[in-house]
Amino acid sequence: MNPQDPIDQLERYYRELSKADVPSTAQTSTVPALRQSLVGLGLGVALAATALFATLRFGGQPSAPAPGWGVDPGATAEQTHHPRLRTEVPIWHI
Amino acid sequence: MSFVGVLKSGRANREREGLDLFVSCHRETVYRLALSITGRRDMAEDVCQDVLIRAYRHHAKLSDSEDPLPWLRLTTVRRAMTELKRHRELDTAPEASAIPNFAEQVAVAQTLAQLKPEQRTLLALALGEGWSYQEIADSLEIPVGTVASRLSTAKAAFRNLWGEAR
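Residues numbered from 1 in each chain as written. Chains lettered and ligands numbered in written order. Predicted model: local features only at pLDDT ≥ 70, side-chain atom pairs only at ≥ 80, totals over all residues. Heavy atoms only, no water.

Undergrad: Quick question: what am I supposed to make of the overall build of chain A here?
TA: Scanning chain A for helices and strands turns up 3 helices and 0 strands. Sequence-ordered secondary structure for chain A, helices as α and strands as β, is α-α-α. Within chain A, the proportion of its 94 residues that are buried is 21%. Looking at chain A as shown, the accessible area adds up to about 7100 Å², and 62% of this sits on carbon and sulfur atoms. (Helix = DSSP H or I, 4+ residues; strand = E, 2+ residues; numbered from the N terminus. Buried < 20%, exposed > 50% of the residue type's maximum accessible area, 1.4 Å probe, protein only. Areas by Shrake-Rupley, 256 points an atom, 1.4 Å probe, with all protein chains shown as cover.)

Undergrad: Would you explain the packing of aromatic side chains in this entry?
TA: Geometry of an aromatic ring pair is reported as the spacing of the ring centres plus the angle between the planes. All names here are of chain B. All chains considered together, the criterion is met by 2 aromatic pairs over all chains. Taking 6.0 Å as the distance between ring centres and 25° as the angle between the ring planes, the aromatic pair formed by Phe158 and Trp162 counts as stacked. Placement of the pair is Phe158 and Trp162 together in helix α7 (residues 144–164), with a separation of 4 residues, close to one helical turn. Each member of the pair, Phe158 as well as Trp162, carries the same accessibility label: buried. (Phe/Tyr/Trp six-rings, centres within 6.5 Å; stacked < 30°, edge-to-face > 60°.)

Undergrad: Could you clarify how one ought to interpret the environment of B:Gln49 in this entry?
TA: Residues and elements named next belong to chain B. Considering the arrangement of structural elements, one finds Gln49 in helix α2 (residues 41–57). Given the relative accessible area of 24%, Gln49 is considered partly exposed. A sequence separation of 18 residues divides Gln49 from Tyr31, and the C-alpha atoms of the two residues are 8.7 Å apart.

Undergrad: How should I be thinking about helix α6 (residues 133–140) of chain B in this particular structure?
TA: Along an α-helix, residues three or four positions apart point the same way, because every turn accommodates 3.6 residues. Residue and element names in this part refer to chain B. All of the buried residues in α6 are Ile136, Ala137, Ser139 and Leu140. Seen end-on, α6 carries its buried residues on one side only, within an arc spanning 165°. Considering only its buried residues, α6 is in contact with α3 (69–86), α5 (117–128) and α7. Of the residues flanking the end of α6, it is Glu141, one or two places downstream, whose phi is positive at about 55°. (Arc of directions from axis to C-beta. Contact = heavy atoms within 4.5 Å.)

Undergrad: Where do I start with the pattern of salt bridges in this structure?
TA: Close approach of charged atoms lets side chains of opposite charge pair. All names here are of chain B. Inspection of the entire model under this criterion finds 11 salt bridges over all chains. Put simply, Arg79 and Asp50 hold a salt bridge, and the shortest N to O gap is 2.5 Å. Of this pair, Arg79 sits in helix α3 while Asp50 sits in helix α2, and the two are 29 residues apart along the sequence. Asp50 gets classed as partly exposed once you look at its relative accessible area, which sits at 22%. One salt bridge in this structure joins Glu118 and Lys85, with 3.3 Å as the shortest N-O distance. Of this pair, Glu118 sits in helix α5 while Lys85 sits in helix α3, and the two are 33 residues apart along the sequence. One network of salt bridges, in which partners are shared, links Asp50, Arg54, Arg79, Glu83 and Arg86. (Salt bridge = Lys/Arg side-chain N within 4 Å of Asp/Glu carboxyl O.)

Undergrad: Can you walk me through the nonpolar core in this structure?
TA: As a rule of thumb, soluble globular proteins bury nonpolar side chains together. Counting residues in hydrophobic clusters, the biggest one holds 52 residues, and the most contacted among them are A:Leu10, A:Tyr14 and B:Leu123. Elements represented by at least two residues in this core include exactly α1 (6–18) of chain A together with α1 (3–38), α2, α3, α4 (106–113), α5, α6 and α7 of chain B. Considering each element in turn, this core owes the most residues, 9 residues, to α1(B). Sequence-distant contacts of B:Leu123, defined by excluding residues within four places in its chain, comprise A:Leu10, A:Tyr14, B:Leu112, B:Leu115, B:Gly128, B:Leu151, B:Ala154 and B:Lys155. (Core = buried A, V, L, I, M, F, W, Y, C linked by side-chain atoms within 4.5 Å.)

Undergrad: I tried to follow α7(B) on my own but got confused; where do I start?
TA: Here α7(B) contains 21 residues, and its C-alpha end-to-end distance of 30 Å stays within 8% of the 30 Å for a straight helix at 1.5 Å per residue. Tucked inside the fold, the buried residues of α7(B) contact α1 of chain A together with α4, α5 and α6 of chain B. (Expected span 1.5 Å × (residues − 1).)

Undergrad: Help me understand unusual backbone geometry in this model?
TA: A negative phi holds for most residues other than glycine; trans holds for most peptide bonds. A positive phi angle, close to 55°, is found at B:Glu141, a residue other than glycine. The residue B:Glu141 is located in the loop between α6 and α7 in this model.

Undergrad: What am I meant to see in the confidence of the model for chain A here?
TA: Atom-level detail of predicted coordinates should not be read off regions where pLDDT is low. Chain-level statistics for chain A give a pLDDT mean of 65 and a share of 37% at 70 or above. Element-level mean pLDDT values for chain A span from 57 in helix α3 (residues 77–80) of chain A up to 88 in α1(A). (pLDDT = per-residue confidence, 0-100.)

Undergrad: Any chance you could explain the packing of α4(B) against α7(B) here in plain terms?
TA: Each pair of packed helices gets described by two things: the angle between the helix axes and the distance between those axes. All names here are of chain B. Their axes nearest at 9 Å, the elements α4 and α7 cross at an angle of 120°. Viewed along their axes, α4 and α7 adopt a mutual orientation that is oblique. Remark: the crossing between α4 and α7 carries right-handed chirality. The residues of α7 that touch α4, namely those facing Ala107, Val108, Thr111 and Leu112, are Phe158, Leu161 and Trp162. (Axes fitted to C-alpha atoms, helices over the stretch in contact; angles between N-to-C directions. Parallel < 35°, antiparallel > 145°, perpendicular 65-115°, else oblique. Left-handed = near helix turned anticlockwise from the far one by under 90°.)

What follows is the structure, encoded as structure tokens:
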């Protein structure tokens, strides 16, 4: 082996590098980060499931009646102010 | 605590124990490989953390019967090389405190920093980690012949840069 060969220097460099201590901070920073990552993943899944449920459950229904929705041409102004009331079952049927 | 609460608590504890065990078993291997390639503790820690997070998320692929080491080594090599490429424009020379007796190694470190990330990775795996050509070829997804030629080129580049500095 030629001691002047730069590749020998390089091999010695790697041998020295392999002796370096593994810092304990790597462990202390990795595990909490992993836990936070998993918690974040869990929250994300829960949020997505909630959004999917809301879409499936309420997605097809408008939040407010569309203009003219359910309006009886013969209804009074007071009745048309509350169009949803007229779609409910009449009280005498309950 | 309700029965369901006890069950959930037990499951969470088992997951935490499994995570701790997984990290304690493989952290050093991943860290040392990352350090060999990058030569920097900060980069090695970033790589180590990212690889372990990925590994734990892909836990289904790394079943109990399967040795996770090949997957970890492969992912670490690729992640470390990506890290070198990402920070190439910055000062990615190996830091002094990462290596014992660094005074004699400064010249090597400075020369290494001038090589391409692929060349640094090849030299680290072949000379530092002692991987076979086949193992390097599998990790980098290149033919064995290409490994041999690129390694030869990397050594020549290192010798040239070393000579120019003297």
